[in-house]
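The chain contents come next:
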Amino acid sequence: AEQTFIMIKPDGVQRGLVGEIISRFEKKGFYLKGLKLITVDRPFAERHYSDLSAKPFFNGLVEYIISGPVVAMVWEGKGVVATGRKLIGATNPLASEPGTIRGDFAIDIGRNVIHGSDSVESATKEIALWFPEGPANWQSSLHSWIYE
Ligand code: GTP
Ligand code: MG
């Protein structure tokens, strides 16, 4: 089944949004397959966002991500990469629709609470980076009540 990497950024942890965010993914019908609270160092954050290393905001972005613990997660389910991004909302929270996580809980692009992989390919890379031990293996007994 499709999996994605979701990270609650340090501002989301500091602001007590962890439960709310996990709840939205759970209620939608996605399955939690990996979870850890972790403070990453600069080289690790630079690796995670290596595609953005040429951007003028790269240093600030790395500073932000290493500024406190993050909640790193693997979520699984049909269409979870694209639909996870829909639950999260547009990158700039002032442009994110209300009802999305960023639309409901954030203002500035540099404090946008949450990360989600942008493609199945990125998800595979990011899960390997953050969960070298591999995600958990369990199946929900409610599966057939959610998936036809
Ligand atoms: P992620 O899920 O965090 O990867 O966000 P995204 O995929 O919606 O956006 P993108 O990958 O392009 O950028 C990664 C992160 O860099 C964003 O979530 C922002 O926190 C930050 N960022 C992106 N663009 C800007 C910008 O123009 N200014 C600032 N200050 N930060 C930015
Ligand atoms: Mg991105």
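What counts and how
- Residues numbered from 1 in each chain as written.
- Chains lettered and ligands numbered in written order.
- Predicted model: local features only at pLDDT ≥ 70, side-chain atom pairs only at ≥ 80, totals over all residues.
- Heavy atoms only, no water.
- Pairing = 2+ DSSP bridges.
- Helix = DSSP H or I, 4+ residues; strand = E, 2+ residues; numbered from the N terminus.
- Axes fitted to C-alpha atoms, helices over the stretch in contact; angles between N-to-C directions.
- Contact = heavy atoms within 4.5 Å.
- Near = heavy atom within 4 Å.
- Polar contact = N/O pair within 3.5 Å; in protein donor to acceptor, adjacent residues only side chain to side chain.
- Areas by Shrake-Rupley, 256 points an atom, 1.4 Å probe, with all protein chains shown as cover.
- 1 Å grid on protein atoms, 1.4 Å probe; cavity = no way out; pocket = protein on both sides within 12 Å on 5 of 7 lines; lining within 4 Å.
- Sits in = over half its atoms within 2 Å of the grid points.
- Nonpolar A, V, L, I, M, F, W, Y, C, P; charged D, E, K, R; others polar.
- UniProt positions renumbered as here; feature names shortened; annotations may be inferred.
- Buried < 20%, exposed > 50% of the residue type's maximum accessible area, 1.4 Å probe, protein only.
- Salt bridge = Lys/Arg side-chain N within 4 Å of Asp/Glu carboxyl O.
- Phe/Tyr/Trp six-rings, centres within 6.5 Å; stacked < 30°, edge-to-face > 60°.
- Lys NZ or Arg CZ within 6 Å of the ring centre and 35° of its normal.

### Notes on the sheet that holds strand β3 (residues 70-76)
Read from one edge of the open sheet, four strands run β2-β3-β1-β4, paired in antiparallel fashion. This sheet does not close on itself; its edge strands, each paired only once, are β2 (31-38) and β4 (114-116). Averaged over all neighbouring strand pairs, the angle between strand axes comes to 15°, with direction disregarded. Two strands pair when backbone bridges link them, and β2 and β3 are joined in this way by seven bridges, in the antiparallel orientation. Bridged to Tyr31 within β3 is Glu76. Along the sheet, helix α7 (residues 120-130) contacts β1 (3-8), β2, β3 and β4; its crossing angle with β1, the most-contacted strand, is approximately 60°.

### Regarding the site of ligand 1
Taken together, Lys9, Tyr49, Leu52, Phe57, Leu61, Arg85, Thr91, Arg102, Ile109, Asn112, His115 and Gly116 make up all the residues around ligand 1. Thr91 is positioned such that a nitrogen or oxygen atom in its side chain is 2.5 Å from an oxygen atom of ligand 1. For ligand 1, whose unbound accessible area comes to 590 Å², protein coverage reaches 75%. If you map ligand 1 onto the pockets, it falls in the largest pocket. Considering only residue class, the shell around ligand 1 consists of five nonpolar, four polar and three charged.

### Side note on the UniProt feature "active site" (unreviewed entry) in the protein chain
The UniProt feature table records "active site" (unreviewed entry) at His115. Relative to the helices and strands, His115 is located in strand β4. Assessed through its relative accessible area of 8%, His115 is described here as buried.

### Here we look at the pattern of salt bridges
Scanning all chains against the criterion turns up five salt bridges. Ionic pairing is found between Arg24 and Asp104, a salt bridge with its closest N-O pair at 3.0 Å. Linking Arg24 in helix α2 (residues 18-28) with Asp104 in helix α6 (residues 101-105), this pair joins segments that are 80 residues apart in sequence. By relative accessible area, Arg24 is classed as partly exposed at 22%.

### Structural notes on the packing of aromatic side chains
This model, assessed by the stated rule, comprises six aromatic pairs. Look at Phe25 and Phe30: their rings are 6.5 Å apart centre to centre, the planes differ by 45°, and that puts the pair in the tilted class. A relative accessible area of 0% means that Phe25 is categorised as buried. The class of Phe30 is buried, set by a relative accessible area of 5%. Taking 5.9 Å as the distance between ring centres and 40° as the angle between the ring planes, the aromatic pair formed by Tyr31 and Tyr147 counts as tilted. Of this pair, Tyr31 sits in strand β2 while Tyr147 sits in the segment after α8 (143-146), placing them 116 residues apart in sequence. For the residue pair Tyr31 and Tyr147, the accessibility class agrees, reading buried in each case. Three or more aromatic residues link up through ring pairs in this structure, and these residues are Phe5, Phe44 and Trp130. The cationic tip of Lys33 hangs over the ring face of Trp138; the distance from NZ or CZ to the ring centre is 5.8 Å.

### Some details on the UniProt feature "binding site: ATP" (unreviewed entry) in the protein chain
When the UniProt feature table is mapped onto this chain numbering, "binding site: ATP" (unreviewed entry) sits at Lys9, Phe57, Arg85, Thr91, Arg102 and Asn112. The annotated residues named above include Lys9, Phe57, Arg85, Thr91, Arg102 and Asn112 as those lining the largest pocket. By the element assignment, Phe57 lies in the loop between α3 (42-48) and α4 (58-65). In this structure, Thr91 sits in the loop between α5 (80-88) and α6. Note on Thr91: relative accessible area 43%, which makes it partly exposed. Setting aside residues up to four positions removed in sequence, Thr91 forms contacts with Arg102, Ile109 and Asn112.

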